[in-house]
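If you want the building blocks of each chain, they are given just below.
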Amino acid sequence: MNLSVFSIRTILGFIIGMMGLLAFGLALLSGSVHRDLVFDSQRSMMHELLRIEVMERLGDLEEISQSLGIALQSTSAFKSALASNDDEVLLKLLNNQFHQYFVTADVIKLEQLVLLDKNISTIVESSEGSVHFSGQEQAICPDLYQRAGRRTGADRMSILHELCQYQGRPIQVAMVPVGGLILKGYLLVITDPTHVLADIDTSLAMPLRIMLPDNTIVYQSSAWPDDNNSPLFSDYEIKTSSGVPVVLIRTAQNTGVLTELLQQARVEVMMISGFVTLLIVVLSAFILRSTMIVPLNKLTGKLRVLHENRSNMGEKLEVTGTREIHEITDGFNDMSQELGKLYQSLERLAYTDTLTKLPNRNQFQKSLEMSIKHYQENGKPFVLFLIDLDRFKGVNDTLGHHVGDELLKAVSLRLQHTLRIEDIVTRVDEESVSKMGNDMVARLGGDEFSAILTDIDNEEDVIAVAEKLVKAMEQPFVVKEHLLTIGLSIGIVMYPEHGKDMHTLVSHADVAMYNAKSQSSRYSIYNSSLNRNTLLNLKLEQDLFSSIKNNELVLHYQSKVEVATGDVVGAEALLRWHHPEAGMIPPDDFIPIAEYTGFIQPITEWVLDKALEDFSKGSVTNGIPVSVNLSALNLRDERLPSIIGKALKKWSMPPELLVLELTESTIMSDPEFSVSILMKLDAMGISLSIDDFGTGHSSLAYVKQLPVDEIKIDKSFVKNITKDSNDAAVVHAVMVLANHLNLSVVAEGVEDAETLEMLRRLGCDVAQGYYFSKPVPLEQFQQWLKAV
Amino acid sequence: MPELKTHFIYMILIYALFNFNHAAAEEPILAPELISGTTRVSAEGLIELAEKTPGLLIIDARIRSDRLQGYIESSISLPDVETDCDSLAKIIPEKNTPVLFYCNGVKCGRSVNSSKIAIACGYKNLYWFRGGFEEWQEKKFPFIKS
């Protein structure tokens, strides 16, 4: 049997119940045993009473018989008759005895008187007697005669008594010596013992039955009970001196009353034992309850509590109970304390930023939830600051992480100091949070911090705090001999005006912060009119990272056409992003995000790889070169030449078929570094093209120093070339100079035949624009090529 | 009246118990084993003596109330307290007459007293039944009860 499914309470209850049943059974059993014992003792008591009574009666009878015998012989008439052997007189004297008082008054029932000589031979037998004794002595009383015959000397003088049987009834015979001290003979006094024994029923108050050994009933009381009532019998057997049974005396007692009494006693015993059992059950249940069940329940309850809330770990549990329970509890407490410590340190680790010792993002979220809950309970509003450091990446990149880390620590301290929350290190438990208020500064990761401030409920105060923060951060930080100045952008949301739930609140704070960044203001309080682009950017930023993996990026191609011949002389690869929700997103919208997030690197690599793959199959692209646009960030990456080299090798593309397009500003952001990279690329045999020429601040004089093969005149000049003579003049001038510098010129944004005609007249080499073809996917581009 | 009877039995038992204790605590005064100048006899000896000695006088030395319980046939009552040479002489004129003294039993000193007085008075043929009436009864010899 699997006992583990039962509770200790059930098992103990079962055991106690079994014990109770056992006690009940024992009471029943002892009841019947008790009854038998009572009957036995009653029977033996009846037997003893009977024995005493019988002995007493027989003794009385013997005494009377003896007295009668002595009295008879002491008369002078008897003596002289005996002396003269006058049998007639003797017979008369014997017969007279049957009319004496004690016989007539039924004191005794005299049956016979016999006179014997010294040799126990009959001399005279009374003729009044009902027992015919003479001549049958040996048959009637053999024992008596044998005993008497064996005696010699003085022994012959003692009186003998014997019970004998005569004609189916018992007789009592007393042999009394005759002759005073000198033996002359014997007198046999024969009486009926039944007569005296029958009286026992009145003295014992019990019905009596006298029976012979052959069960013949000699006497029976009138009140002898029915056998149906199963009365209690007790027998007493009278035997002759040689042990031959003569008479059986039986008394009876009605057991009805006794049984009733026993039944009553049994009920009482059962009730008492039942009560005692119940008492023991209650007592043991109580003891078990206080020593085991309650402490065990406490323990399991505590385990349950700990299961629900681990922060209660380590609390000491006090229980009463047995030694074993105490040992378990002590073990439990020790373990709980150890686990509690462990849990606390784990929690501290989980909710603390190890570098700055500020609460981390987890703790920030927890506190934010608490603050919201707090507001719902107490109506206390709060303000959330989302703080992003500007130029921190630069510090990390240029001075190393160890400096960056120290800077973050210094920033943390200054933030806390400024917001006067320096005493807050880590809030682990909810209790202390609610006690001390929810003000906190947390590091969310990287260079992003956050502050939750309560007790501020109007914009003026919020602005004051923001100004204070900005001002505090303007002071340079001294980190490892470096004097560092960093800026910060703060997005501010106020609860509950700017969002009800945590998620909305945080994303609105993000919006506000990006707004601050884009507006070049230090802080921005969220309002619903902040442009949705910011929000869109946030979404795009997240999605951009998975765009490559999800095959959402595609390349479209736009042809470059030789103005003089109309031949296709090249194609520009243009990146498109098929956003699963927003649809086709133009590069202008997501390239800045890619640059901002640093994701431009993998995107550039992908574009290069894809374009080279598409144009490596000369049969489909007529072996024309393909142009790929580079970002400013690409030019800052010194690995760029080797990346391009690998890609060319991969697709077995001659470097002459790859053109890299760069804007003026791209080069100008770090001219020295850019030029060195461009030199390397040029050395590899790759063509370089200046994109959007005319919009930047560079001059052809500067371009002259670069290893550039081509310039592309910005579409803003080309668009109005037929209408605006100034624009036409600029384009013409550029082309003249370009020719002079041996640069090929591409005009962008050609949308109609007039513009093309004008460009031809101006001597432009190559044109690009919707007039020829808009950017299309590779397949369409191939079809278009065939058509041309 | 069985209750009364039972009570009676208990009382006897208690009394016997008490008496036994009493006896054990205080050594009863027993008659001497022998009295010089007398011949000690048993109950049977008495009967044989009576058979052999036709002129035997049996003196009951007990006081009268004790004698009411019964006495040996042919015995003469002469309590020890009344015994002296004169009272003896009235009953037994001859000093050579065989005389036997008895009383209640071994715990009874009367036959001893009477025997000693008889010796002192010069009686020569004295017998002493030490067991007395108790022994007589116990051996179921016949006695007379008036």
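A quick note: this is a predicted structure, and the numbers were derived from the prediction, not measured.

A. Inspection of the overall build of chain B at higher detail. Counting its regular elements, chain B contains six helices and five strands. Its helices and strands taken in sequence order, chain B reads α-β-α-β-α-β-α-β-α-β-α from the N to the C terminus. The 146 residues of chain B split such that 43% are buried. Pairs at least 24 apart in sequence give 73% of the contacts found in chain B among residues at least 6 apart. When the accessible surface of chain B is split by element, carbon and sulfur atoms take 60% of a total near 8400 Å².

B. Region of the structure containing the pattern of salt bridges. Residue and element names in this part refer to chain B. Applying the stated rule across the entire model yields 31 salt bridges over all chains. Arg-62 is the salt-bridge partner of Asp-60, the closest N and O atoms lying 2.9 Å from each other. With a relative accessible area of 0%, Asp-60 lands in the buried category. For the salt bridge of Arg-64 with Glu-82, the shortest nitrogen-to-oxygen distance reads 3.2 Å. Taken as a pair, Arg-64 in helix H3 (residues 64-67) and Glu-82 in the loop between strand E3 (75-77) and helix H4 (85-91) lie far apart in primary sequence, 18 residues in all.

C. Just the packing of aromatic side chains, in detail. Residue and element names in this part refer to chain A. All chains considered together, the criterion is met by 15 aromatic pairs over all chains. Taking 6.3 Å as the distance between ring centres and 20 degrees as the angle between the ring planes, the aromatic pair formed by Phe-781 and Trp-784 counts as stacked. Taken together, the residues Phe-781 and Trp-784, both in helix H29 (residues 778-787) and three residues apart, mark about one turn of the helix. Among the aromatic side chains, those forming a connected cluster through ring pairs are Tyr-557, Phe-615, Phe-781 and Trp-784. A cation sits over an aromatic face here: Arg-250 above Phe-233, 5.3 Å from the ring centre. Positioned above the aromatic ring of Phe-477, the side-chain terminus of Arg-414 is 3.7 Å from the ring centre.

D. Representation of the interface of chain B and chain A within the structure. Taken together, the contact pairs 23 residues of chain B with 23 residues of chain A. In this assembly, chain B packs against chain A so that about 1700 Å² is buried in total across both faces, 65% of it on carbon and sulfur atoms. Our count for the contact surface shared by chain B and chain A stands at zero salt bridges. Broken down by secondary-structure element, the contributors of at least two residues to the side of chain B that touches chain A are helix H1 (2-25) and helix H2 (43-52) of chain B. For the side of chain B that touches chain A, the element with the most residues is H2 of chain B, which contributes six residues. Per-class residue counts for the side of chain B that touches chain A are 13 nonpolar, two polar and eight charged.

E. Region of interest: the state of the cysteines. Residues and elements named next belong to chain A. Within this structure, the stated rule accounts for three disulfides over all chains. Here Cys-141 connects covalently by a disulfide to Cys-164, the sulfurs 1.7 Å from one another. When the S-S torsion is 120 degrees, as for the bridge of Cys-141 with Cys-164, the disulfide is right-handed. Of this pair, Cys-141 sits in the loop between helix H5 (137-140) and helix H6 (142-150) while Cys-164 sits in strand E3 (residues 160-166), and the two are 23 residues apart along the sequence. As far as burial versus exposure is concerned, Cys-141 and Cys-164 are alike and both buried. What connects to what in chain B, once the bonded cysteines are numbered by sequence position, is 1-4, 2-3.

F. Structural view of a negative patch on the surface. Residue and element names in this part refer to chain A. A contiguous patch of negative charge, built from Asp-457, Glu-459, Glu-460, Asp-461 and Glu-497, is present on the exposed surface. Residue position: Glu-460 is located in helix H15 (residues 459-474). Of the residues examined, Glu-460 reaches a relative accessible area of 67% and is grouped as exposed.

G. Fine view of the confidence of the model for chain A. Averaged over chain A, the pLDDT score is 84; the fraction of residues at 70 or greater is 95%. Below pLDDT 50 for its whole length, residues 422-436 of chain A participates in 28 contacts with residues either more than four positions away or in separate chains.

H. Representation of the environment of Asn-96 of chain B within the structure. Residues and elements named next belong to chain B. Within the element layout of this structure, Asn-96 appears in the loop between H4 and strand E4 (99-102). Looking at Asn-96, the relative accessible area reads 53%, which means it is exposed. Distance in space between the C-alpha atoms of Asn-96 and Gly-122 is 9.1 Å, their sequence separation being 26 residues. Those residues in contact with Asn-96 that sit more than four places away from it in its chain are Lys-124 and Asn-125.

I. Inspection of the side chain of Thr-251 of chain A at higher detail. All names here are of chain A. Looking at the secondary structure, you find Thr-251 in strand E9 (residues 245-253). The exposure class of Thr-251 is buried, given its relative accessible area of 0%. The contacts of Thr-251, once residues within four sequence positions are left out, are Met-46, Leu-50, Leu-204, Met-206, Pro-207, Leu-208, Trp-224, Leu-232, Phe-233 and Ser-234.

J. Seen up close, helix H3 (residues 87-97) of chain A. Taken as a whole, H3 of chain A has its buried residues at Leu-90, Leu-93, Leu-94, Asn-95 and Gln-97 of chain A. On its buried face, H3 of chain A sits against helix H1 (8-74), helix H2 (76-83), helix H4 (101-104), strand E1 (110-117), strand E2 (122-125) and strand E5 (185-191) of chain A.

K. Fine view of the sheet that holds strand E8 (residues 232-239) of chain A. Residues and elements named next belong to chain A. The strand order across the open sheet built from four strands is E7-E6-E9-E8, with neighbouring strands paired in antiparallel fashion. Since the sheet does not close on itself, it has two edges, and those belong to strand E7 (217-220) and E8, each with one partner. Ignoring which end each strand starts from, the neighbouring axes of this sheet average 15 degrees apart. Both strand E6 (residues 208-211) and E7 contribute to a ladder of three bridges, which runs antiparallel. Bridging across to E7, Met-211 finds its partner in Ile-217. The strands touched by H1 are E6, E8 and E9; relative to E8, the strand with the most contacts, the crossing angle is about 35 degrees.

L. Examining the nonpolar core more closely. In terms of nonpolar packing, the biggest core is built from 75 residues, with Tyr-557, Ile-644, Leu-658, Leu-660, Leu-681, Ile-711 and Leu-759 of chain A touching the most fellow members. In terms of residues, this core owes the most to one element, helix H19 (residues 600-616) of chain A, which gives eight residues.

M. Just the packing of helix H10 (residues 323-351) of chain A against helix H11 (residues 361-378) of chain A, in detail. All names here are of chain A. Contact pair H10 / H11: the axes reach a minimum separation of 6 Å and the direction vectors enclose 90 degrees. Here H10 lies roughly perpendicular to H11, going by the angle between them. Between H10, through Glu-347, Ala-350 and Tyr-351, and H11, the contact on the second element is made entirely by Asn-362, Gln-363 and Lys-366.

N. Here's a closer look at the confidence of the model for chain B. Residue and element names in this part refer to chain B. On average, chain B scores 83 in pLDDT, and the residues at 70 or more come to 81%. The low-confidence segment residues 20-25, where pLDDT is below 50, has one contact with residues more than four positions distant or belonging to other chains. Overall fold confidence (pTM) sits at 0.45, and the ipTM for the predicted complex is 0.77.

O. Region of interest: the sheet that holds strand E2 (residues 57-60) of chain B. Residue and element names in this part refer to chain B. A sheet is described by the order of its strands in space; here five strands give the open sequence E1-E5-E4-E2-E3, paired in parallel fashion. Looking at which strands have only one partner, the edges of the open sheet turn out to be strand E1 (38-41) and E3. For this sheet, the mean angle separating the axes of adjacent strands, direction not counted, is 30 degrees. Bridge analysis of E2 against E4 gives four bridges, and the strand direction is parallel. Bridge pairing in E4 places Asp-60 opposite Tyr-102. Against the sheet, H2 engages E1, E2, E4 and strand E5 (126-129), with an angle of about 145 degrees to E5. Lying on the sheet, helix H5 (residues 110-120) is in contact with E1, E4 and E5; it crosses E5 at an angle near 175 degrees.

P. Spotlight on the pairing of E3 of chain A. Residues and elements named next belong to chain A. Judged by how many residues are buried, E3 sits mostly within the fold: six of seven residues are covered. Alignment of E3 against strand E4 (residues 169-178), held across seven bridges, turns out to be antiparallel. Counterpart to Leu-160 in the pairing with E4 is Met-175. Between E3 and E4, which pair antiparallel and follow one another directly, the connecting turn spans two residues, one of which, Gln-167, has a positive phi of 50 degrees.

Q. How the structure looks around unusual backbone geometry. Residues and elements named next belong to chain A. That bond from Tyr-495 to Pro-496 is cis: its omega, 10 degrees, falls within 30 degrees of zero. A positive phi is found at Ser-652, a non-glycine position, where the angle reads about 50 degrees. With respect to the helices and strands, Ser-652 occurs in the loop between helix H22 (640-650) and strand E21 (658-663). With relative accessibility at 61%, the residue Ser-652 sits in the exposed group.

Criteria and cut-off values
Residues numbered from 1 in each chain as written. Chains lettered and ligands numbered in written order. Predicted model: local features only at pLDDT ≥ 70, side-chain atom pairs only at ≥ 80, totals over all residues. Heavy atoms only, no water. Helix = DSSP H or I, 4+ residues; strand = E, 2+ residues; numbered from the N terminus. Buried < 20%, exposed > 50% of the residue type's maximum accessible area, 1.4 Å probe, protein only. Contact = heavy atoms within 4.5 Å. Areas by Shrake-Rupley, 256 points an atom, 1.4 Å probe, with all protein chains shown as cover. Salt bridge = Lys/Arg side-chain N within 4 Å of Asp/Glu carboxyl O. Phe/Tyr/Trp six-rings, centres within 6.5 Å; stacked < 30°, edge-to-face > 60°. Lys NZ or Arg CZ within 6 Å of the ring centre and 35° of its normal. Buried area = accessible area lost by both parts, 1.4 Å probe. Nonpolar A, V, L, I, M, F, W, Y, C, P; charged D, E, K, R; others polar. Disulfide = S-S within 2.5 Å. Patch = residues over 30% accessible without salt bridge, like charges linked within 9 Å, V, L, I, M, F, W, Y side chains within 5 Å. Lys, Arg positive; Asp, Glu negative; His and termini not counted. Charge placed at Lys NZ, Arg CZ, Asp CG, Glu CD. pLDDT = per-residue confidence, 0-100. Pairing = 2+ DSSP bridges. Axes fitted to C-alpha atoms, helices over the stretch in contact; angles between N-to-C directions. Core = buried A, V, L, I, M, F, W, Y, C linked by side-chain atoms within 4.5 Å. Parallel < 35°, antiparallel > 145°, perpendicular 65-115°, else oblique.

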